[in-house]
Amino acid sequence: MTPKMPLTDLAIRKAAPRSKAYKLSDGHGLYLLISPSGSKLWYQKFRYDSKENRIAPGAYPSITLRDARELQLQVRATLDKGSNPAEQRREEKRGAVPQHTFKSVALVWLVSNRTWSEEHAERVKR
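Description of the structure in this document. Owing to the predicted nature of the structure, the values given are computational and were not obtained by experimental measurement.

**Things to note about the overall build of the protein**
Here is step 1 of the chain: A tally of helices and strands in the protein yields five helices and four strands.
Here is step 2 of the chain: The order of α-helices and β-strands along the protein, N terminus first, is α-β-β-β-β-α-α-α-α.
Here is step 3 of the chain: Since a compact globule built from 126 residues should have a radius of gyration of about 14 Å, the 23 Å found for the protein marks it as more spread out than a globular shape.
Here is step 4 of the chain: Structurally, the protein occupies a C-alpha span of about 80 × 35 × 25 Å along its principal axes.
Here is step 5 of the chain: Counting over 126 residues, the protein shows a buried share of 23%.

**Focus: the nonpolar core**
Here is step 1 of the chain: Residues Leu7, Ile12, Ala15, Tyr22, Leu24, Leu30, Leu32, Ile34, Trp42, Tyr60, Leu65 and Ala68 constitute the largest nonpolar core, which totals twelve residues.
Here is step 2 of the chain: The set of elements that each furnish at least two residues to this core consists of strand 1 (22-27), strand 2 (30-34) and helix 2 (65-80).
Here is step 3 of the chain: Here the element with the most residues in this core is strand 2; it accounts for three residues.
Here is step 4 of the chain: Not counting chain neighbours up to four residues away, the residues in contact with Ile12 comprise Leu7, Leu32, Lys40, Trp42, Tyr60 and Leu65.
Here is step 5 of the chain: Judged by nonpolar contacts, the second largest core, of five residues, contains Ile55, Leu71, Val75 and Ala86.

**Re the pairing of strand 1**
On a regular strand, one side chain projects to one face of the sheet and the next to the other, so that they alternate.
Here is step 1 of the chain: The sheet contact formed by strand 1 and strand 2 spans five bridges and is antiparallel. What sits directly across from Leu24, in strand 2, is Leu32.
Here is step 2 of the chain: Linking two consecutive strands that pair antiparallel, namely strand 1 and strand 2, is a turn of two residues; a positive phi of about 55° is found at His28 within it.

**Quick look at the side chain of Gln72**
Here is step 1 of the chain: Here Gln72 is to be found in helix 2.
Here is step 2 of the chain: Relative accessible area serves as the criterion here: at 6%, Gln72 is assigned to the buried category.
Here is step 3 of the chain: Residues in contact with Gln72, not counting those within four places in the same chain, are Gly27, His28, Leu30 and Gln44.

**Some words on the pattern of salt bridges**
Here is step 1 of the chain: Scanning all chains against the criterion turns up four salt bridges.
Here is step 2 of the chain: For the salt bridge of Asp9 with Arg13, the shortest nitrogen-to-oxygen distance reads 3.1 Å. On the criterion of helical spacing, the pair formed by Asp9 and Arg13 is a turn pair, its members being four residues apart in helix 1 (residues 9-14).
Here is step 3 of the chain: Residue classification places Asp9 among the partly exposed residues on the basis of a relative accessible area of 34%.
Here is step 4 of the chain: Salt-bridge contacts for Asp26 lead to Arg69; the nearest nitrogen and oxygen are separated by 2.8 Å. Taken as a pair, Asp26 in strand 1 and Arg69 in helix 2 lie far apart in primary sequence, 43 residues in all.
Here is step 5 of the chain: Under the relative-accessibility criterion, Arg69 is labelled partly exposed at 28%.

**A short note on the packing of aromatic side chains**
Here is step 1 of the chain: Counting across every chain of the model gives two aromatic pairs.
Here is step 2 of the chain: Seen from their ring centres, Tyr31 and Tyr43 are 5.6 Å apart, and the 25° between their planes marks the pair as stacked. Here Tyr31, found in strand 2, pairs with Tyr43, found in strand 3 (residues 40-48); they are twelve residues apart in sequence, far enough to count as distant. Exposure class is identical for Tyr31 and Tyr43. Each is buried.
Here is step 3 of the chain: Both rings, one in Trp109 and one in Trp116, keep their centres 5.4 Å apart while their planes meet at 80°; by these two values the pair is edge-to-face.
Here is step 4 of the chain: Note on Trp109: relative accessible area 44%, which makes it partly exposed.

About the thresholds
- Residues numbered from 1 in each chain as written.
- Predicted model: local features only at pLDDT ≥ 70, side-chain atom pairs only at ≥ 80, totals over all residues.
- Heavy atoms only, no water.
- Helix = DSSP H or I, 4+ residues; strand = E, 2+ residues; numbered from the N terminus.
- Rg over C-alpha atoms; globule rule 2.2 N^0.38 Å.
- Buried < 20%, exposed > 50% of the residue type's maximum accessible area, 1.4 Å probe, protein only.
- Core = buried A, V, L, I, M, F, W, Y, C linked by side-chain atoms within 4.5 Å.
- Contact = heavy atoms within 4.5 Å.
- Pairing = 2+ DSSP bridges.
- Salt bridge = Lys/Arg side-chain N within 4 Å of Asp/Glu carboxyl O.
- Phe/Tyr/Trp six-rings, centres within 6.5 Å; stacked < 30°, edge-to-face > 60°.

If you want it as structure tokens, here you go:
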């Protein structure tokens, strides 16, 4: 049996869509899913607490082979520390400040109502 070779950029570019989605494996749980529509999405599989999970870094070519391999190393390092990489990624995303919160939209709306008196606008704001 011949051992599988890691992916190359040329092999990824030449991967054509088929009637069903298929995977191109790079090793250590990293694979590229080629869908029938032609989209190429990276996934990193890993096991945490005896359960299989996966992280989706993004689509090829915006996430290059090198970027995907770097993510794979980060996932493995996080697992070595005893943490769940998927949960850590969720926490990182939650830490980002949302652009349109209810408060920010409400304040814009409040300022746009020029016909109200100052007292009424203050009551509405509270």
